[in-house]
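What follows is each chain in one-letter form.
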Amino acid sequence: MAESYIEKLKKFLAESKRVLMVTKKPSGKEYKMAAKITGLGMLLIGLIGLITRILGYLVTGQ
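Residues numbered from 1 in each chain as written. Predicted model: local features only at pLDDT ≥ 70, side-chain atom pairs only at ≥ 80, totals over all residues. Heavy atoms only, no water.

1. Quick word on the overall build of the protein
Then step 1. Looking only at helices and strands, the protein has two helices and zero strands in total.
Then step 2. Here the C-alpha atoms of the protein give a radius of gyration of 22 Å, more than 25% beyond the 11 Å that 2.2 N^0.38 yields for 62 residues.
Then step 3. With respect to the three principal axes, the spread of C-alpha positions in the protein is 60 × 40 × 10 Å.
Then step 4. Across the 62 residues in the protein, those meeting the buried criterion constitute 0%. (Helix = DSSP H or I, 4+ residues; strand = E, 2+ residues; numbered from the N terminus. Rg over C-alpha atoms; globule rule 2.2 N^0.38 Å. Buried < 20%, exposed > 50% of the residue type's maximum accessible area, 1.4 Å probe, protein only.)

Printed below as a string of structure tokens:
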């Protein structure tokens, strides 16, 4: 094994720390927009699933 588990863990923690230093907390406006987009996506996926289920029921009768 070229790298031990401890070295891999140290490398992962260092990379994680670097990413956290670059990120920032979203503003309220950004958070609300992300929540709206996520909710809309969930609704859309649910509707697609419902339509698929209804079509399957109509085709097979089960």
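2. So, the pattern of salt bridges
Then step 1. What the rule picks out here adds up to one salt bridge.
Then step 2. K24 is the partner of E30 in a salt bridge, and the nearest nitrogen-oxygen pair spans 3.4 Å. (Salt bridge = Lys/Arg side-chain N within 4 Å of Asp/Glu carboxyl O.)

3. Brief notes about helix α1 (residues 5-22)
Then step 1. Here α1 is 18 residues long and its end C-alpha atoms lie 26 Å apart, about the 26 Å a rise of 1.5 Å per residue gives.
Then step 2. Of all the 18 residues making up α1, zero are buried; the element is thus mostly uncovered. (Expected span 1.5 Å × (residues − 1).)

4. Focus on a nonpolar patch on the surface
Then step 1. Taken together, L40, L43, L47, L50, I51, I54, L55, Y57 and L58 make up a surface patch of nonpolar side chains, about 930 Å² in accessible area.
Then step 2. By the element assignment, L47 lies in helix α2 (residues 28-60).
Then step 3. We classify L47 as partly exposed; its relative accessible area is 42%. (Patch = residues over 30% accessible without salt bridge, like charges linked within 9 Å, V, L, I, M, F, W, Y side chains within 5 Å. Areas by Shrake-Rupley, 256 points an atom, 1.4 Å probe, with all protein chains shown as cover.)

5. Notes on α2
Then step 1. Relative to the 48 Å expected for 33 residues at 1.5 Å per residue, α2 spans 48 Å between its end C-alpha atoms, a close match to the ideal helical length.
Then step 2. Taken from the residues just after α2, G61 is the one with a positive phi, measuring 80°.

None of this, on its own, says anything about what the molecule does.
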